[in-house]
Amino acid sequence: MITLENVTMKYPTGTVALKDVSLHIDKGEFVFIVGSSGSGKTTLLELLVRELVPTKGKIEVAGYNYNKLKKRQIPKVRRKLGFVFQNFRLIKDRTVYENVAFAQRVIETPARYIRRQVPAMLTVVGLADKYKSYPRQLSGGEQQRVALARALVNKPDIILADEPTGNLDSKNTWEVMNLLEDINAKGTTVVVVTHNKEIVNAMKKRVIMLKKGVIISDVEKGGYIDED
Amino acid sequence: MRISSIGYTFRQGIKNIRRNLLFSLASIGTIVACLFLFGVLYGVIVNFRSAIKNIEGNISISVFFDAGIADEQIDMIREQIRTRDEVATLDYISAEEAWKQFSEANYDDPEAARETFGEDNPLANSASFTITLKDVTYQADFVQFVSSIKGVRKVKSSEYTANNVAALNKFVGYASLGIIIILFLVSIFLISNTITIGITVRKEEIRIMKLIGATNAFVRAPFIVEGILIGLVGSAIPVVLLYYMYDAVINYVVGRFSVLKSIFEFVPAGDLFKVLVPMLLGIGVGIGFLGSWLTTRKHLKV
């Protein structure tokens, strides 16, 4: 589902964010990518969504070879991916319903599907009764679940979550992680970038650890190794 | 883009304008001002040109023939001149007519003068063609051509008037073109500014749209709609203003300076607006489209 071969990312400033990284994630896997800030986690995500183009190396996501990707194909790849961000990134002047519907509108889903799928998705994340609320009226956990609904409504092959629990308390953290696990159980590949030791250690999933742009460990059913 | 997305795109475009109302109004205001000036300028030019056309019609060239020329040869000369593209009118004035016109213009009692000379026409050799050209710019070349025809004795033209009218005509053309280009650049710049602000305000939203998989066209469309709507409103207002003002201004001018009426014929509003209305609307929509298209192309690259 995701393959990186000898990927190096060097910014114009000279900073090398990733050095010769190779990894493979299969369909249906649940993977944590961990590491302290500056380890290259965010760069890795930006490469996967094609916001960045690597200096060197080969990237393949959901069957698309990024080295041969044409500009107009970028939206097609991204429609196979769903995103969850640390700060939720909901559109503040739209309701919960509109935020989720927005994801379908931008990929030009016919209106009759939108009307059916959005409420269904809000039910999955447990927010069916809050569809009229605005983001500021929701708790952090609820906002993140809206973001999750938005990421899921287009039925992506892969969910990419960037510090999804970074702004959440322990209770909401577990709600979001349980949702991600449910989604994974239904076949969606889930990649979670985090430095939350508690969840990584508790969930016993595959853990890829980055340090200064290099993979220093890749363990099945692993835990969070202290770097020092 | 799907049909179902068009409604959404329009709503977003209108939303952009409302959310960014102050700048949108500023852009509309500038376009109104530019196109209003353009309309005024256009009205002045059209009237000026029509006046020049009138003057041009009065600038004539006289062609005189060799003494004792045969009528057949005059006919040949006539044919040679008539086939030239630049000729607007060609009139033959016989010696008798010339004498009649001359005597009427120069004697207090033309009848008596003509009797004095009796059958002896003093202008016996002064039969001529009076020619007017479609465009006085061609006069110099034309005079040279006619002078070279066999049987032509003399070509009389008012080089001075013709040159001045031609130069003025050219000057008005270039000056208006220059002013119009500047106005357009200003309008496009302002629309571009408004759209840039709209894009900046919605940067986050645009990034999310792109990450979800929106095509570039989908992201751009609301901004282009915004630009076109600004251009459309900005051109409709001066159309209405100019329409009501044109007749009022003409009536005022004619009433104030009644002498103008006899020497100057104003182009009727109907004729003017038949061209001006589609022109203004087209330009408004055009600059709206161009401004937003260029701006979105520059700012929405990912």
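Residues numbered from 1 in each chain as written. Chains lettered and ligands numbered in written order. Predicted model: local features only at pLDDT ≥ 70, side-chain atom pairs only at ≥ 80, totals over all residues.

Caption draft 1: Summary view of the overall build of chain A. In terms of regular secondary structure, chain A is built from 7 helices and 10 strands. For chain A, restricting intrachain contacts to residue pairs at least 6 apart in sequence, the fraction spanning at least 24 positions comes to 67%. (Helix = DSSP H or I, 4+ residues; strand = E, 2+ residues; numbered from the N terminus. Contact = placed C-beta atoms within 7 Å.)

Caption draft 2: Broad picture of the sheet that holds strand β5 (residues 64–65) of chain A. Residue and element names in this part refer to chain A. If you trace the 4 strands from one edge of the open sheet to the other, you get β2-β1-β4-β5, paired in antiparallel fashion. Two strands in the sheet have a free side with no partner beyond their single neighbour: β2 (16–25) and β5. Taken strand by strand, helix α1 (residues 41–48) contacts β1 (2–10), β2 and β4 (56–61), and its axis lies near 120 degrees from that of β1. (Pairing = 2+ DSSP bridges. Axes fitted to C-alpha atoms, helices over the stretch in contact; angles between N-to-C directions.)

Caption draft 3: Seen up close, the interface of chain A and chain B. The interface of chain A with chain B comprises 15 residues on the first partner and 16 residues on the second. Contributions of two or more residues to the side of chain A that touches chain B are made by α2 (74–78) and α3 (96–106) of chain A. The element that contributes the greatest number of residues to the side of chain A that touches chain B is α3(A), accounting for 3 residues.

Caption draft 4: Spotlight on the nonpolar core. V100(A) and A149(A) are the most contacted members of the largest nonpolar core, which totals 101 residues. When residues in this core are grouped by element, the largest group, 11 residues, is from helix α9 (residues 216–256) of chain B. Counting 11 residues, the second largest nonpolar core, distinct from the first, contains V63(B), V136(B), V152(B) and V165(B). (Core = buried A, V, L, I, M, F, W, Y, C linked by C-beta atoms within 7 Å. Buried ≥ 20, exposed ≤ 12 C-beta atoms within 10 Å, placed from the backbone.)

Caption draft 5: Focus on the sheet that holds strand β1 (residues 60–65) of chain B. Residue and element names in this part refer to chain B. An order of β2-β3-β1-β4 is seen for the 4 strands of this open sheet, with the pairing classed as antiparallel. At either margin of the open sheet sits one strand with a lone partner, and together these are β2 (87–93) and β4 (152–156). Pairwise comparison of adjacent strand axes, ignoring direction, gives a mean angle of 20 degrees for this sheet. Contacts from helix α3 (residues 71–82) reach β1, β2, β3 (128–133) and β4 within the one sheet, and its direction differs from that of β2 by about 165 degrees.

Caption draft 6: Molecular detail of the environment of V77(A). Residues and elements named next belong to chain A. Tracing the backbone through its elements, the reader meets V77 in helix α2. Considering only alpha carbons, one finds V77 and V49, 28 residues apart in sequence, at a separation of 8.0 Å. The contacts of V77, once residues within four sequence positions are left out, are R50, V61, A62, Y64 and L69.

Caption draft 7: Broad picture of the confidence of the model for chain B. Taken over all residues, the pLDDT of chain B has a mean of 83, while the share at 70 or more is 96%. This prediction of the complex comes with two scores: 0.70 for pTM and 0.83 for ipTM. (pLDDT = per-residue confidence, 0-100.)

Caption draft 8: Focus on the environment of R89(A). The topology assignment puts R89(A) in the loop between β6 (81–84) and α3. Along the backbone, R89(A) and P135(A) are 46 residues apart, and their C-alpha atoms lie at a distance of 9.7 Å. Apart from the residues within four sequence positions on either side, R89(A) is in contact with A147(A), E204(B) and I208(B).

Caption draft 9: Examining the environment of V190(A) more closely. Residues and elements named next belong to chain A. Turning to its location among the elements, V190 is positioned in strand β8 (residues 189–194). A count of 23 C-beta atoms within 10 Å places V190 in the buried class. Not counting residues within four places of it along the chain, the set of residues in contact with V190 comprises F30, I159, L180, I183 and N184.

Caption draft 10: Representation of helix α8 (residues 203–212) of chain B in the model. Those residues of α8(B) not exposed but buried are I206(B), I208(B), M209(B), K210(B), L211(B) and I212(B). After α8(B) finishes, the residue G213(B) shows a positive phi value of roughly 115 degrees.

Caption draft 11: Here's a closer look at helix α4 (residues 111–124) of chain A. All names here are of chain A. Taking 1.5 Å of rise per residue, the 14 residues of α4 would be expected to cover 20 Å, and the 20 Å separating its terminal C-alpha atoms lies within 8% of that figure. Buried within α4 we find Q117, V118, M121 and L122. Buried-residue contacts for α4 involve α3 and α5 (140–152). After α4 finishes, the residue G126 shows a positive phi value of roughly 75 degrees. (Expected span 1.5 Å × (residues − 1).)

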